[in-house]
Amino acid sequence: MKILVISLYSFATPHFQTELELIEGHLEKSDEVYVLHCDSELKTCSYNPTKKLGNCYHCKVTFKKGFDILDKKNQIKFIPFLKEKQHNIDIKYDFEDIDELKKYKINGIDFGMAAASSITSQLRDHRFSTKKYRERVKVTLETSVNVYYTLEKYISELKPDIAYLFNGRPAELRAALRACQAKGVKIYTHERGATMYKYDLFEETTPHDFEYVQNEIERYWVNGSSDKTAISEDWYLKRRQGIEIDWISFIKDQKQDHLPNNFSKDKKNIGIFISSEDEFAAIEEIDMTSELYIEQTDAVKDIAEYFKDDNSIHFYLRVHPNLKAVDNSQVRDIKSLENMNFPNLTVIHAESVIDTYALIDNCDKIITFGSTTGLEAVIANKPSILVGNKWGNYYNKLDVVYMPASREEFFSLIKNKLEPKNRLGAHKYGYWAATHGFDHKNYQATSFTTGSYNNIVIDVNFSQLIIRKTLILGNIIKLLSNFGNQKTIFKIFSDRKNQKMIFGIIINKNEKFKTKFRNIFSLLVTSLNNSK
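A few points on the structure.

What counts, and at which threshold
Residues numbered from 1 in each chain as written. Predicted model: local features only at pLDDT ≥ 70, side-chain atom pairs only at ≥ 80, totals over all residues. Heavy atoms only, no water. Helix = DSSP H or I, 4+ residues; strand = E, 2+ residues; numbered from the N terminus. Buried < 20%, exposed > 50% of the residue type's maximum accessible area, 1.4 Å probe, protein only. Contact = heavy atoms within 4.5 Å. Areas by Shrake-Rupley, 256 points an atom, 1.4 Å probe, with all protein chains shown as cover. Phe/Tyr/Trp six-rings, centres within 6.5 Å; stacked < 30°, edge-to-face > 60°. Lys NZ or Arg CZ within 6 Å of the ring centre and 35° of its normal. Axes fitted to C-alpha atoms, helices over the stretch in contact; angles between N-to-C directions. Parallel < 35°, antiparallel > 145°, perpendicular 65-115°, else oblique. Nonpolar A, V, L, I, M, F, W, Y, C, P; charged D, E, K, R; others polar. Pairing = 2+ DSSP bridges. Patch = residues over 30% accessible without salt bridge, like charges linked within 9 Å, V, L, I, M, F, W, Y side chains within 5 Å. Salt bridge = Lys/Arg side-chain N within 4 Å of Asp/Glu carboxyl O. Core = buried A, V, L, I, M, F, W, Y, C linked by side-chain atoms within 4.5 Å. Right-handed = clockwise from strand over helix to strand, strands pointing away.

Take the overall build of the protein chain next. A count of helices and strands for the protein chain gives 18 helices and 14 strands. In the protein chain, which comprises 532 residues, the share counted as buried stands at 55%. Considering only residue pairs separated by 6 or more positions, the protein chain has 74% of its internal contacts joining residues 24 or more positions apart. As displayed, the protein chain has an accessible area near 24,800 Å², and 49% of this comes from carbon and sulfur atoms.

Now the structure itself:
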């Protein structure tokens, strides 16, 4: 069987280590493994959007170190991205706004949506200016289009049976995914699993395929252990306690049981919990056509306007803590909303120490737009209203939340008394969240972004690498100063190509490369002698 692994980000722990583990698994089965990797050929990538030289070298060194420790490395066939352009397409670069970019397709392929998704994540702004960031749009589109046609060429030649790639959302990986799909290659995307000790695979789809994940939630529940409800309860409890399970906890800086100063139990209190828009903006799998509101702040403003004269009710808008210290379109919208001074709306900013769980426990109802908080409210025996079609797709078929189909129904749910929904669906989700994925065999996690592979730390300590670079450069300059004047020396070493060559010798153990360096070094000395 032929296996193709599209490995682009070697310092993205644990995703690179997951790829190493998948590769080793196939080598043990005597499968033929090909690895498509970037050796600085890509103009941009999601982990190095502005193509910083240091980041490229960091990635290359880590890639080499990772594969060097594999027992059967010599059986792997490495294939680079082709530097020459693999197409004759005139790519459009100028877009009026992000909405126009999202709609941009080439031969039916969603390059514009993928570019919008990547840049949104990089800038943390779901309404970034396509004019201000024209160059980034340009290189992102160029890179993803070239990835698509490069991969299409390789697939035609190699005819792999299975391909693996990370996530499938970033532009360059979305292009790879589309190429595999177009050529009929069976594809698996990989992502983090339920804990730092697990990874998960998504067959013929991505982690953002909500229907697929909902089917997985049901499958896990049906085949679950007898203590699955207890496992779910433990998962929700750990989240309340700020114990980090699947990702960092956002409540660590909150003050336990702390409520807003104006909180009054004499009123009907409703908690509104909004997520960061950039997390799920520009994802092809999310159907926005059924949304009551396109953006969360639109919904909050509509609620505040509608109920502004109702003194019996108060709304508490809890901004997600991961928007702390972020200045983007959403945060500015929230500040503008706050400045409108609605009498029964209190904005709790991302930096606030107000206790999220105390707010859930003390409010009469909870409104979310798809975050896990909507399920945690159900576990807390609170009526939970889901407005939106984003993360909620992971649980909108579990019969755990109220889902208004119209604005009128939404306001009716807010006004009228509601009973909490049955917790069964929430426990189905909790059990899946606590257990999904496969245990790492060779990767030993020490945190969400660090660990070792076969007890060897692969990710290079880049700060130490920089120190080495500085020391060696200093020694080289000192040595060369014996042959020429300082001005000429610094002119030579300010040249980016020379810097790249010097840095290359520092991190490269290849003897042929060292010989090449010595030859260039001799030429530099000759040049300096001639400049006297």
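Applying the stated criterion across every chain, the model contains 30 aromatic pairs. An aromatic cluster is present here, built from Phe210, Trp235, Tyr236, Tyr394, Tyr395, Tyr429 and Trp432 joined pairwise through their rings. The ring of Tyr34 has Lys77 sitting right over it, with the charged end atom 5.5 Å from the ring centre. A cation over an aromatic ring shows up here: Lys421 above the ring of Tyr402, its NZ or CZ 4.8 Å from the ring centre.

Helix packing geometry: the angle between the two helix axes and the distance between the axes. Taken N-terminus to C-terminus, the directions of helix H7 (residues 210-222) and helix H14 (residues 424-435) make an angle of 90°; their axes are 9 Å apart at the nearest point. When the interaxial angle is binned, H7 and H14 end up roughly perpendicular. From H7, Val213, Glu216, Ile217, Glu218, Tyr220 and Trp221 reach across to H14, where they touch Leu424, His427, Lys428, Tyr429, Tyr431, Trp432 and Thr435. Taken together, the residues that form the contact of H7 with H14 break down as eight nonpolar, two polar and three charged.

This part covers the sheet that holds strand S12 (residues 438-439). Sheet architecture is open: seven strands sit in the order S3-S2-S1-S4-S5-S6-S12, paired in mixed fashion. Edge strands, defined here as strands with exactly one partner in the open sheet, are strand S3 (77-80) and S12. Note: strand S2 (residues 32-37) against S3, four bridges, orientation parallel. Looking at S3, one finds that Leu36 is bridged to Ile79. The sheet strands contacting helix H5 (residues 134-158) are strand S1 (2-7), S2 and S3, and the helix crosses S1 at an angle near 165°.

Turning next to the sheet that holds strand S8 (residues 313-319). On the basis of which strands lie adjacent, the open sheet formed by five strands has the order S9-S8-S7-S10-S11 and parallel pairing. At either margin of the open sheet sits one strand with a lone partner, and together these are strand S9 (345-348) and strand S11 (384-386). Adjacent strand axes in the sheet meet at a mean angle of 20° when their direction is disregarded. Bridge count for strand S10 (residues 365-368) against S11 is three bridges, and the pairing is parallel. Looking across to S11, one finds that Ile367 is bridged to Ile385. Contacting strand S7 (268-274), S8 and S9, helix H10 (residues 329-338) crosses the sheet at an angle of about 145° to S9. Across the sheet, helix H13 (residues 407-415) lies against S7, S8, S10 and S11, angled at about 150° from S10, the strand it touches most.

Side chains of Trp247, Ile248 and Phe250 sit close together on the surface and give an oily, nonpolar patch of about 250 Å² of accessible area. Note that Ile248 resides in the loop between helix H8 (228-240) and S7.

In this section: the environment of Phe210. As for its placement among the helices and strands, Phe210 is situated in helix H7. Spatially, the C-alpha atom of Phe210 lies 9.7 Å from that of Asn396, the residues being 186 residues apart in sequence.

Note on soluble globular proteins: their nonpolar side chains tend to be buried together. Judged by nonpolar contacts, the single largest core of 47 residues is most densely connected at Leu4, Ile6, Leu141 and Leu151. Counting residues per element, the ones that place at least two in this core are S1, S2, helix H3 (98-103), helix H4 (111-123), H5, strand S4 (162-166) and helix H6 (171-182). Ignoring anything within four residues of it in the chain, the contact list for Leu141 reads Ile91, Lys92, Phe95, Leu101, Tyr104, Phe111, Gly112 and Ala115. By size, the runner-up hydrophobic cluster in this structure holds 32 residues, among which are Leu317, Ile334, Leu337 and Ile414.

Here S10 shows a buried face lined by Lys365 and Ile367 and a second buried face lined by Ile366 and Thr368. In the sheet, S7 pairs with S10 via four bridges, with the strands oriented parallel. Looking at the pairing, Gly271 lines up with Ile366 of S10. Since S10 and S11 lie parallel, the crossover through helix H12 (residues 373-379) that links them has a hand, and here it is right-handed.

The next subject is the pattern of salt bridges. Applying the stated criterion to the full structure yields 29 salt bridges. Here Lys131 and Glu96 are joined by a salt bridge, their closest N and O atoms 3.1 Å apart. Here Glu96 lies in the loop between S3 and H3 and Lys131 lies in the loop between H4 and H5, a separation of 35 residues in the sequence. Taking the relative accessible area as the measure of exposure, Lys131 reaches 53% and is therefore exposed. Of the charged contacts in the structure, one is a salt bridge between Glu305 and Lys308, with a shortest N-O distance of 3.5 Å. Residue classification places Glu305 among the partly exposed residues on the basis of a relative accessible area of 33%. According to the relative accessible area criterion, Lys308 is partly exposed, its value standing at 35%. Three or more residues are tied together by salt bridges with common partners; here these are Lys43, Lys138 and Glu142.

Turning to its location among the elements, Gly430 is positioned in helix H14. Leaving out residues up to four positions away in the same chain, Gly430 has contacts with Ser232, Trp235 and Tyr236.

This part takes up the environment of Pro420. With respect to the helices, strands and loops of the structure, Pro420 is situated in the loop between H13 and H14. When the C-alpha positions of Pro420 and Lys365 are compared, they lie 8.9 Å apart, and in sequence the two are 55 residues distant. When sequence neighbours within four positions are dropped, the list of residues in contact with Pro420 reads Asn381, Lys382 and Pro383.

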